[in-house]
Amino acid sequence: MDLTRATPPLLKHMNERTVLEAIRAGAPISRAEISRRVGISKPTVSLALRALEDTGLVREAVHGPDGPSYGAVFFEPVPDAAFVLGLDLGSRFLRGAVADLAGRIRARQDVELRGADADGALDAIATLHRSLIDGASLPVERIDGVVLGIPGVVEPLTETLRLTQPHIAGLEGRAYAAEVGERLEASVTLDNDINLAAVGERWAGVARGIDDFAFLSVGTGTGVGLVLGGELHRGAQGAAGEIDWALAGSADELDPSAEGVASLAAEVAWPGEVDGSSPPYDARDIFTAARRSDPLARAIVERIARRIAAHIAPIAAVADPELVVLGGGLGMNGDLLLEPVRALLRDWLPYPPRVEISSLGESAVLMGAVATGLQAALDNVFVTRRAVSSPL
């Protein structure tokens, strides 16, 4: 017996899921438009719609895409079928948001960490979790799951953290998802923060609709989120995008992060923007001085642009992405970095990628966490409600 042959229940499941995804992507959307977009006949779409309405996943929309429907029937997801909570554990802030299944943010809050270690961050996560659920006026059981972006590699087999950033001490080697899940009494998914930033840009940012692109974050550290064929590429060990290691063995110092900026400032004996401060210099002060035409600050920024281009070049040569998105606290300085980086890549590469600044800014990781949670929630709600409505 060929077990791979699609049985009628499997086809029904696939059709319902396809129709649900079309409604999510294009709501409010008519039956005819769903049929056209997904290539399923109108009668089959009607059967799928009836099942999705019966399970409470979709409903008729009051208005069409251009206002009143004038007799045509349009459909939209039921946003309150489930909710997700996204979290971004950064160097200075813990950011969080609750969203419904339509992707609407119901509550959003940022908390300053003030040098918290891993245990302090755990306390902050628990407090923010309660605050967000209260702010959205939701019972806690309505949260389908939590997605947490974290600065480190999440090993796929052990779910332990590796190569964590030093600004949150005590994360290295911990199964942090299990700890957070136990504290919140919820299902928690952990992912690298830069990976989630890439997901966020594709969901709601400048990379929307682009299947091959990279998100390069330059801030307290440097990392890459790589999307190929429309899917996030994590690698065998979960370490794809640890771009600093790609330049191992180079005789040149190529760090474009805040630490690299401070080192460059000391090297050229930059006197400080106002008060002649001594090392270590704040990278933000150097970029501010460069905007005021300080010659040494501008020289430092030019070298940082070259280092950023040097990080993009191997990505472009190997993966040939259509787009590279610059983000992070330093990468967002597009007025000083964007054109020099573009010019260098044009000189160096036969097929340079388009380079743009993140349109989500400091919210990129958080939006990626929400987007990841929404996809999982749709899977969970879809499977659970179908099972309840169609018992064996």
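Before any of the text, the structure's been laid out above.
Since this is a predicted model, take the numbers as computed values, not measurements. (Residues numbered from 1 in each chain as written. Predicted model: local features only at pLDDT ≥ 70, side-chain atom pairs only at ≥ 80, totals over all residues. Heavy atoms only, no water.)

A. Representation of the pattern of salt bridges. For the coordinates displayed, the defined rule picks out 25 salt bridges. Between Arg-174 and Asp-119 there is a salt bridge, with its nearest N and O atoms 2.9 Å apart. Here Arg-174, found in the loop between strand E11 (161-162) and helix H5 (176-184), pairs with Asp-119, found in helix H4 (residues 118-135); they are 55 residues apart in sequence, far enough to count as distant. Here Asp-211 ties to Arg-202 by a salt bridge, and the two come within 2.4 Å at their closest N and O atoms. A cluster of three or more residues bridged by salt bridges with shared partners is formed by Asp-80, Asp-100, Arg-104 and Arg-106. (Salt bridge = Lys/Arg side-chain N within 4 Å of Asp/Glu carboxyl O. Helix = DSSP H or I, 4+ residues; strand = E, 2+ residues; numbered from the N terminus.)

B. Looking closely at the sheet that holds strand E12 (residues 188-192). Taken in spatial order, the five strands of this open sheet run E8-E7-E6-E9-E12, and their pairing is mixed. On the outer flanks of this sheet lie strand E8 (105-112) and E12, each paired with one strand and no other. Averaged over all neighbouring strand pairs, the angle between strand axes comes to 15 degrees, with direction disregarded. Across the sheet, H4 is in contact with strand E6 (83-89), strand E7 (93-100), E8 and strand E9 (143-150); its angle to E7 comes to roughly 35 degrees. Sheet contacts for H5: E6, E9 and E12; angle to E12, the most-contacted strand, approximately 145 degrees. (Pairing = 2+ DSSP bridges. Axes fitted to C-alpha atoms, helices over the stretch in contact; angles between N-to-C directions. Contact = heavy atoms within 4.5 Å.)

C. Representation of the sheet that holds strand E2 (residues 58-60) within the structure. Taken together, the three strands give an open sheet; going across it, the order is E1-E5-E2, and neighbouring strands pair in antiparallel fashion. Only two strands of the sheet have a single neighbouring strand rather than two, namely strand E1 (29-30) and E2. Note: E2 against strand E5 (residues 74-77), three bridges, orientation antiparallel. Looking at the pairing, Val-58 lines up with Pro-77 of E5. Along the sheet face, helix H1 (residues 8-26) touches E1, E2 and E5 and points at about 90 degrees away from the line of E5.

D. Seen up close, unusual backbone geometry. Along the chain, Ala-27 connects to Pro-28 via a cis peptide bond; the corresponding omega equals -5 degrees. Residue placement: Pro-28 occurs in the loop between H1 and E1. Of note in this structure, Arg-114 is not a glycine but carries a positive phi near 55 degrees. Take Arg-114: it is sitting in the loop between E8 and H4. Taking the relative accessible area as the measure of exposure, Arg-114 reaches 70% and is therefore exposed. Within the chain, Ser-137 stands out as a residue other than glycine whose phi angle is a positive 55 degrees. Positionally, Ser-137 belongs in the loop between H4 and E9. (Buried < 20%, exposed > 50% of the residue type's maximum accessible area, 1.4 Å probe, protein only.)

E. Looking closely at the packing of helix H7 (residues 258-267) against helix H9 (residues 295-319). Taken N-terminus to C-terminus, the directions of H7 and H9 make an angle of 140 degrees; their axes are 10 Å apart at the nearest point. On the basis of their axis angle, the class for H7 and H9 is oblique. Crossing of H7 over H9 shows right-handed handedness. Side by side, H7 and H9 meet where Gly-260, Val-261, Leu-264, Ala-265 and Glu-267 of the first sit next to Ile-300, Arg-303, Ile-304 and Arg-307 of the second. The residue inventory of the contact of H7 with H9, partitioned by class, reads five nonpolar, one polar and three charged. (Parallel < 35°, antiparallel > 145°, perpendicular 65-115°, else oblique. Left-handed = near helix turned anticlockwise from the far one by under 90°. Nonpolar A, V, L, I, M, F, W, Y, C, P; charged D, E, K, R; others polar.)

F. Expanded view of helix H6 (residues 193-204). Along its twelve residues, H6 runs 16 Å from first to last C-alpha, staying within 8% of the 16 Å computed at 1.5 Å per residue. Here H6 has its buried residues at Asp-193, Ile-194, Asn-195, Leu-196, Ala-197, Ala-198, Gly-200 and Glu-201. At the N-terminal boundary of H6, the capping side chain belongs to Asn-192, with an oxygen 2.9 Å from the backbone nitrogen of Ile-194. (Expected span 1.5 Å × (residues − 1). Polar contact = N/O pair within 3.5 Å; in protein donor to acceptor, adjacent residues only side chain to side chain.)

G. Summary view of helix H3 (residues 42-54). Taking 1.5 Å per residue as the helical rise, H3 with its 13 residues ought to reach 18 Å, and the 18 Å between its terminal C-alpha atoms agrees with that figure. Taken together, the buried positions of H3 are occupied by Val-45, Ala-48, Leu-49, Ala-51 and Leu-52. Buried residues of H3, seen end-on, are gathered within an arc of 165 degrees and therefore sit on one face of the element. Opposite the buried face of H3, at more than 90 degrees from it, the exposed residues are Pro-43, Leu-47 and Asp-54. The positive-phi residue at the C-terminal boundary of H3 is Gly-56, with phi of around 80 degrees. (Arc of directions from axis to C-beta.)

H. Just the environment of Arg-354, in detail. Note that Arg-354 resides in strand E17 (residues 354-357). Spatially, the C-alpha atom of Arg-354 lies 6.2 Å from that of Val-324, the residues being 30 residues apart in sequence. In this structure, Arg-354 is in contact with Ile-210, Glu-322, Leu-323 and Val-324, ignoring residues within four places of it in sequence. At 3.4 Å, the side chain of Arg-354 and the side chain of Glu-356 are in polar contact.

From the geometry alone we can't say anything about function, so treat these as descriptive.
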